[in-house]
Amino acid sequence: MKRKLLILAIVFIGFLVCFSVSAVTTNWFDVENKNIFDLIKSSFDRTESDVIVTVNGEKIYRQTVEILLKGKEISAKSLENTEYYEGPIDKEVAIEEIINESIRDIVVRQEAEKKGLKADYETAKKDAIEAYNMVKEENAENYQFLLEYMKVMDYSEEEYLEIVVDGYINMYTRANHYDWFVEGKTGTYDQLVEEYEEYVQTLIEKANIVYK
């Protein structure tokens, strides 16, 4: 399972640092999928007017939401002609989900950092490189997508991996927060997850969240 998650993360974290888009198994290089590159490039020109929410002062930008929405659309489309396809996504619902998920991730990470639970850089880098090499060796289609992405963004392999490492650090930091919360607790997995979600909800309620 860890091997699979690392491969998925390396494919997406470089350009969707909030790791919340499912794997896409269709041809990455059709015109529709490439449109996401344009969204990512446009996000480099974001300004204060593009801020839609702040979470304890940390900004969530309109472009970030648009990129994640496009990712969800591509992911949903990839399931067409399968038993898992549930039709096109409802954009309004998806946008609300993306914003709420982003707020949650930020609050959890911020609190984890306050508690000294930030993930180790070297561990994150080791896992990022391992996953990247697995994509190189085992998934030619996704590797070509990464190469195309790096070309469009004018990133070297090293620069791309540093972006991925940042994403891993954020992801692992949130995981460390959960581990800290459940340490020493008893109960089933589902019970512990429910307790943790209630705890996270209290953090969100206490956070200074401002919608622009």
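On a predicted model such as this, the values are computed, not experimentally measured, just so you know.

Attention now goes to helix α8 (residues 189-206). Taking 1.5 Å of rise per residue, the 18 residues of α8 would be expected to cover 26 Å, and the 26 Å separating its terminal C-alpha atoms lies within 8% of that figure. All of the buried residues in α8 are L192, Y196, Y199, V200, L203 and I204. The arc that holds the buried residues of α8, viewed along the axis, is 145°, so those residues lie on one side. α8 presents D190 and E205 as exposed residues on the side facing more than 90 degrees away from its buried surface. Considering only its buried residues, α8 is in contact with α4 (91-114), α7 (157-182) and β3 (209-211).

Read across the open sheet, the 3 strands follow the order β2-β1-β3; overall the sheet is antiparallel. Strands at the two margins of the open sheet, each flanked by one partner only, are β2 (58-61) and β3. Shown here is a sheet whose adjacent strand axes are inclined to one another by a mean of 20°, direction ignored. α4 contacts β1 (51-55), β2 and β3 of the sheet and is inclined by roughly 30° relative to β1.

For the structure on display, the rule yields 11 salt bridges. With a closest N to O distance of 3.6 Å, D105 and R174 form a salt bridge. Taken together, the residues span a long stretch of sequence, with D105 in helix α4 and R174 in helix α7 at a distance of 69 residues. Residue R174 is classed as buried on the basis of its relative accessible area of 16%. A salt bridge links R109 to E113, with the nearest nitrogen and oxygen atoms 3.6 Å apart. With a gap of 4 residues between them, R109 and E113 both fall in helix α4, about one helical turn apart. You can call R109 buried: its relative accessible area is 11%.

This model, assessed by the stated rule, comprises 8 aromatic pairs. Between Y178 and Y196, the ring centres sit 5.0 Å apart and the planes meet at 90°, which makes this aromatic pair edge-to-face. Here Y196 lies in helix α8 and Y178 lies in helix α7, a separation of 18 residues in the sequence. A connected cluster of aromatic rings, assembled from ring pairs, spans Y178, W180, F181, Y196 and Y199. When the ring centre of Y61 is taken as origin, the NZ or CZ atom of R46, which lies over that ring, is 4.0 Å away.

For the rest of this paragraph, the subject is the confidence of the model for the protein. Per-residue confidence for the protein gives a mean pLDDT of 82, with 83% of residues at or over 70. Confidence, read as mean pLDDT per element, is least for helix α1 (residues 2-13) in the protein (41) and greatest for α8 (98). Here residues 1-29 is a poorly scored stretch, pLDDT under 50, and it has 91 contacts once near neighbours within four places are set aside; other chains count.

How each quantity is defined
Residues numbered from 1 in each chain as written. Predicted model: local features only at pLDDT ≥ 70, side-chain atom pairs only at ≥ 80, totals over all residues. Heavy atoms only, no water. Helix = DSSP H or I, 4+ residues; strand = E, 2+ residues; numbered from the N terminus. Expected span 1.5 Å × (residues − 1). Buried < 20%, exposed > 50% of the residue type's maximum accessible area, 1.4 Å probe, protein only. Arc of directions from axis to C-beta. Contact = heavy atoms within 4.5 Å. Pairing = 2+ DSSP bridges. Axes fitted to C-alpha atoms, helices over the stretch in contact; angles between N-to-C directions. Salt bridge = Lys/Arg side-chain N within 4 Å of Asp/Glu carboxyl O. Phe/Tyr/Trp six-rings, centres within 6.5 Å; stacked < 30°, edge-to-face > 60°. Lys NZ or Arg CZ within 6 Å of the ring centre and 35° of its normal. pLDDT = per-residue confidence, 0-100.

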